[in-house]
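# Summary of structural features
Here is what each chain is made of, one letter per residue.
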Amino acid sequence: MKVYSPSQTSTWFRCPMMRALRKEGWIPRYGQRKDWAAVLGQAFGAGVGAYNSLRQEHEAQGTPMPERASEVRASFIEVAVGVALGVKQQRVREMVDMGLVVDEDGDAYIKVLDQRIKRAVTCYVLTDPIPDTWKIVGIEASLGEGAGNARPDLVVRDEMGLAVVDYKSKLTLKAEYRHKTIQEYANGHQFLHYAYFGREYYKEPIERYYIGLAVLEPRWAFELIPFPVHDETLKVWYQGASTAWAMMEREDTGEQVPWLSDRHSDQFGQCPYYAACFIHHYDENLMRQNYILTERVTEAA
């Protein structure tokens, strides 16, 4: 049985037809705020990953890290920010080269991306929320060929054992939405996927994961929010995920037609593929009014 990545599987759970259109290479022609927010999140994650790599090198050499908020961390900040800005530039260039239409709102967002990225990565490096007593085991490291290209942001060894940390970033987050946001992430497919296959890869239990929730504005804030992982939960999760992966594979081989979800909107608004399904009815010539056809996606990602 083929195992699919957490992102592909989550998209399939949302709507198999959405996943099918994405795999064919169709993307919305008009950039949306969430697209630019995704670039911000990707850049921030890359910068944090670069810093974690520097920290892991120090751990391997047995040399202590400079104190938090010290000037000695300037070199770490420079490296991490450089990586983050490089990822941002690459992603924006790719999106523009594909022909994505950037409106005034998107253009304004892009213009302040550098400033936001620099500030977020700098704040993370200066405060480093990962306790000194924890050891870094893996940074965006693959959990093996049979894990569906799963690469958790961070695998650590805390005071109780092996654990997964996955970063989630929000530009802003009002206090009244904090609990709701955390619950949306809690026990999601992605985290259970990491825990299940992390156990297999590292040959030891993973009994908890952490959501690393970063809020960038108006003031920097970061929380490490722990969640337990129960054996029975992982057993039930794997049974259901296996059923989903079998259906996804049958769709990819043409043995099964992807079905339509009955949810055509979410917290971001109307589904980006609504026009493809209900206005253009999958007519490629008509779809080009609202979509760009890029290269077909052939690998799990």
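Below: a short report on this structure. The structure displayed is predicted, hence computed values, not measured ones.

A few words now on the sheet that holds strand 4 (residues 161–170). The sheet built from 5 strands is open, its strands ordered 2-3-4-5-6 with mixed pairing. Of all strands in the sheet, those with a lone pairing partner are strand 2 (135–139) and strand 6 (221–228), marking the two edges. Geometrically, the sheet is characterised by an average inter-axis angle of 30 degrees between neighbouring strands, direction not taken into account. Where strand 3 (residues 154–158) meets strand 4, 5 bridges bridge the pair, whose relative direction is antiparallel. Note that in strand 4 the partner of Asp158 across the bridge is Gly161.

Another aspect to go through is empty space enclosed by the protein. The tally for this structure, following the rule as stated, stands at 1 cavity of 30 Å³ or more. In this structure, the largest cavity occupies an estimated 80 Å³ of space. Lining the largest cavity we find 13 residues, and of these Cys15, Leu260, His264, Cys271 and Cys277 sit closest to its centre. For the lining of the largest cavity, the secondary structure elements donating two or more residues are helix 2 (16–24) and helix 10 (274–278). Tallied by class, residues from the lining of the largest cavity come to 10 nonpolar, 2 polar and 1 charged.

All right, on to the packing of helix 3 (residues 33–61) against helix 4 (residues 74–97) then. Where helix 3 contacts helix 4, the axes come no closer than 8 Å and their chain directions differ by 150 degrees. Between helix 3 and helix 4 lies a crossing of right-handed hand. Packed against helix 3, whose contacting residues are Asp35, Trp36, Val39, Gln42, Ala43, Ala46, Gly47, Ala50, Tyr51, Leu54 and His58, the element helix 4 presents Phe76, Val79, Ala80, Val83, Ala84, Val87, Lys88, Arg91, Val92 and Met95 at the interface. Classifying every residue of the contact of helix 3 with helix 4 by side-chain character gives 15 nonpolar, 3 polar and 3 charged.

On to the nonpolar core. Looking at soluble globular proteins, one finds that nonpolar side chains tend to be buried together. Ranked by size, the top nonpolar core spans 41 residues in total, and within it Phe44, Ile117, Val121, Tyr124, Leu154, Tyr167 and Trp220 carry the most contacts. Secondary-structure elements contributing two or more residues to this core are helix 3, helix 4, helix 5 (104–111), helix 6 (113–127), strand 2, strand 3, strand 4 and strand 5 (206–215). In this view, Leu154 contacts Asn52, Ile130, Ile136, Gly138, Ile139, Ala163, Val164, Val165 and Tyr167; residues no more than four positions away in its chain are not counted. One finds Val164, Tyr194, Ile225 and Met248 within the second-largest nonpolar core, a separate group that totals 33 residues.

Bringing the packing of aromatic side chains into the picture now. Evaluated as defined, the whole model comprises 24 aromatic pairs. Their ring planes at 70 degrees and their centres at 5.7 Å tell us that Trp12 and Trp259 sit as a pair that is edge-to-face. Taken together, the residues Trp12 in helix 1 (residues 6–14) and Trp259 in the loop between helix 9 (231–252) and strand 7 (265–266) connect sequence positions 247 residues apart. Relative accessible area serves as the criterion here: at 37%, Trp259 is assigned to the partly exposed category. An angle of 20 degrees between the planes, with centres 6.2 Å apart, marks the rings of Trp220 and Phe222 as stacked. Note on Trp220: relative accessible area 18%, which makes it buried. By the ring-pair criterion, three or more aromatic residues cluster together here, those being Phe44, Tyr51, Phe76, Tyr124, Tyr167, Trp220 and Phe222. Just above the ring of Tyr109 sits the side chain of Arg116; from NZ or CZ to the centre is 5.1 Å.

Side-chain direction in a regular strand flips from residue to residue, so the side chains alternate between the two faces of the sheet. Here strand 5 pairs with strand 6 via 8 bridges, running antiparallel. Residue Tyr210 lies in a different strand from strand 6, and its bridge partner there is Pro226. Hairpin remark: strand 5 followed by strand 6, antiparallel, with 5 residues in the connecting loop.

Between its terminal C-alpha atoms helix 8 (residues 189–202) stretches 20 Å, which fits the 20 Å expected from 14 residues at 1.5 Å a residue. Of all 14 residues making up helix 8, 10 are buried, and the element is well covered by its neighbours. Among all positions in helix 8, only His189, Phe191, Leu192, His193, Tyr194, Ala195, Tyr196, Phe197, Gly198 and Tyr202 are buried. Within two residues after helix 8, Lys203 carries a phi angle of roughly 60 degrees, on the positive side.

Looking now at unusual backbone geometry. In the segment running from Glu217 into Pro218, the intervening peptide bond is cis, with an omega of 0 degrees. Within the fold, Pro218 resides in the loop between strand 5 and strand 6. Located in the positive-phi region is Asp128, a residue other than glycine, with phi close to 30 degrees. Secondary-structure assignment places Asp128 in the loop between helix 6 and strand 2. Residue Asp128 is classed as buried on the basis of its relative accessible area of 2%. Here Asn149, not a glycine, exhibits a phi torsion of approximately 60 degrees, which is positive. Relative to the assigned elements, Asn149 resides in the loop between strand 2 and strand 3.

How each quantity is defined
Residues numbered from 1 in each chain as written. Predicted model: local features only at pLDDT ≥ 70, side-chain atom pairs only at ≥ 80, totals over all residues. Heavy atoms only, no water. Pairing = 2+ DSSP bridges. Helix = DSSP H or I, 4+ residues; strand = E, 2+ residues; numbered from the N terminus. Axes fitted to C-alpha atoms, helices over the stretch in contact; angles between N-to-C directions. 1 Å grid on protein atoms, 1.4 Å probe; cavity = no way out; pocket = protein on both sides within 12 Å on 5 of 7 lines; lining within 4 Å. Points joined across faces, edges and corners; volume = space filled by probe spheres on them. Nonpolar A, V, L, I, M, F, W, Y, C, P; charged D, E, K, R; others polar. Left-handed = near helix turned anticlockwise from the far one by under 90°. Contact = heavy atoms within 4.5 Å. Core = buried A, V, L, I, M, F, W, Y, C linked by side-chain atoms within 4.5 Å. Buried < 20%, exposed > 50% of the residue type's maximum accessible area, 1.4 Å probe, protein only. Phe/Tyr/Trp six-rings, centres within 6.5 Å; stacked < 30°, edge-to-face > 60°. Lys NZ or Arg CZ within 6 Å of the ring centre and 35° of its normal. Expected span 1.5 Å × (residues − 1).

Don't take any of this as a statement about function, it's just geometry.
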